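Listed below, chain by chain, are the residues.
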Amino acid sequence: MRIIRLIALPLLVLAYSSAPAQAPATVQVQLANFKFTPSTIVLDHGRPYVLRLVNVSSGGHDFTAPAFFAAATVAPTDRRWVQEGEIEVPSGQVREIHLTAPAAGTYKLKCTHSFHKMFGMSGRIIVR
Ligand SMILES: [Cu+2]
């Protein structure tokens, strides 16, 4: 019994390390005056994504979801774009954030620019 366990363990480790990594799915969100499209973003827990934020308006917007970004695993190279749960996206620009979706739940999303949320620039991220 003990011998079987000793053989099986390295095989198991080998099987895991040679498994191909799951390719990230791209989720595109458009930022405009004054809404996110889509305003409800649905992700699957534990899956890798590229969150692609496109600002199509003539003014700046941000994508702010502190609880979501605190819980999600953001790729080290993209962490510079996320400041205290906020991603600023200047007019006409695109930000791509590689991340793994956190625990299931509903996370609030808004733009923090003056009055933008009041004008309707809010949404939610649902992780299932
Ligand atoms: Cu805005």
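Refer to the preceding data block for the structure.
Model, not experiment: these values are computed from the prediction.

Let's hear about the overall build of the chain: which residues, and what values?
Broken down by element type, the chain carries two helices and ten strands. What you see in the chain, going N to C, is helices and strands ordered as α-β-β-β-β-β-α-β-β-β-β-β. In the chain, the share of contacts with a sequence separation of at least 24, taken over all contacts with a separation of at least 6, comes to 71%. Looking at the chain as shown, the accessible area adds up to about 7900 Å², and 59% of this sits on carbon and sulfur atoms.

An account of the packing of aromatic side chains is requested, with residue identities and associated values reported.
For the coordinates displayed, the defined rule picks out six aromatic pairs. Considering the side-chain rings of F36 and F63, the 5.7 Å spacing of their centres and the 85° angle between planes classify their relative orientation as edge-to-face. On the criterion of sequence distance, the pair formed by F36 in strand β2 (residues 35–37) and F63 in strand β5 (residues 61–64) is long-range, its members being 27 residues apart. Of the two residues, F36 and F63, both sit in the buried class. Between F68 and F69, the aromatic rings sit 5.2 Å apart at their centres with planes inclined by 75°, giving edge-to-face as the arrangement. For the pair shown, F68 and F69 are each scored as buried. Among the aromatic residues, those joined into a cluster by ring pairs are F36, F63, F68, F69 and Y107.

Could you give an account of the sheet that holds strand β6 (residues 73–74), naming the residues involved and the relevant values?
In any sheet, the strands associate via hydrogen bonds between backbone groups, in a parallel or an antiparallel arrangement. Pairing in this open sheet of five strands is mixed, and the strands run β2-β1-β4-β8-β6 from one edge to the other. Taken across any chain shown, the strands that pair with only one partner, and hence form the sheet edges, are β2 and β6.

Residue-level account of the environment of V56, with values.
Counting through the fold element by element, V56 comes out in the loop between β4 (48–55) and β5. The sequence separation of V56 and G92 amounts to 36 residues, and the corresponding C-alpha distance is 5.2 Å. Those residues in contact with V56 that sit more than four places away from it in its chain are Q30, L31 and A32.

With reference to specific residues and values, describe a nonpolar patch on the surface.
On the surface, F115, M118 and F119 cluster together into a nonpolar patch covering about 390 Å² of accessible area. Relative to the helices and strands, F115 is located in the loop between β9 (105–110) and β10 (122–127). The exposure class assigned to F115 is exposed, which follows from its relative accessible area of 54%.

So what about unusual backbone geometry? Which residues, and what values?
In the segment running from N33 into F34, the intervening peptide bond is cis, with an omega of -5°. With respect to the helices, strands and loops of the structure, F34 is situated in the loop between β1 (25–32) and β2. In this chain, T37 is followed by P38 through a cis amide linkage whose omega measures 0°. Among the secondary structure elements, P38 is positioned in the loop between β2 and β3 (40–43). Phi is positive for F115, close to 70°, though the residue is something other than glycine.

Can you break down the environment of T37 residue by residue, with the values?
Inspection of the secondary structure puts T37 in strand β2. In this structure, the C-alpha to C-alpha distance between T37 and M121, residues 84 residues apart in sequence, is 9.7 Å. Apart from residues no more than four positions distant in its own chain, T37 is found in contact with Q28, V29 and Q30.

The rules behind each value
Residues numbered from 1 in each chain as written. Predicted model: local features only at pLDDT ≥ 70, side-chain atom pairs only at ≥ 80, totals over all residues. Heavy atoms only, no water. Helix = DSSP H or I, 4+ residues; strand = E, 2+ residues; numbered from the N terminus. Contact = heavy atoms within 4.5 Å. Areas by Shrake-Rupley, 256 points an atom, 1.4 Å probe, with all protein chains shown as cover. Phe/Tyr/Trp six-rings, centres within 6.5 Å; stacked < 30°, edge-to-face > 60°. Buried < 20%, exposed > 50% of the residue type's maximum accessible area, 1.4 Å probe, protein only. Pairing = 2+ DSSP bridges. Patch = residues over 30% accessible without salt bridge, like charges linked within 9 Å, V, L, I, M, F, W, Y side chains within 5 Å. Salt bridge = Lys/Arg side-chain N within 4 Å of Asp/Glu carboxyl O.

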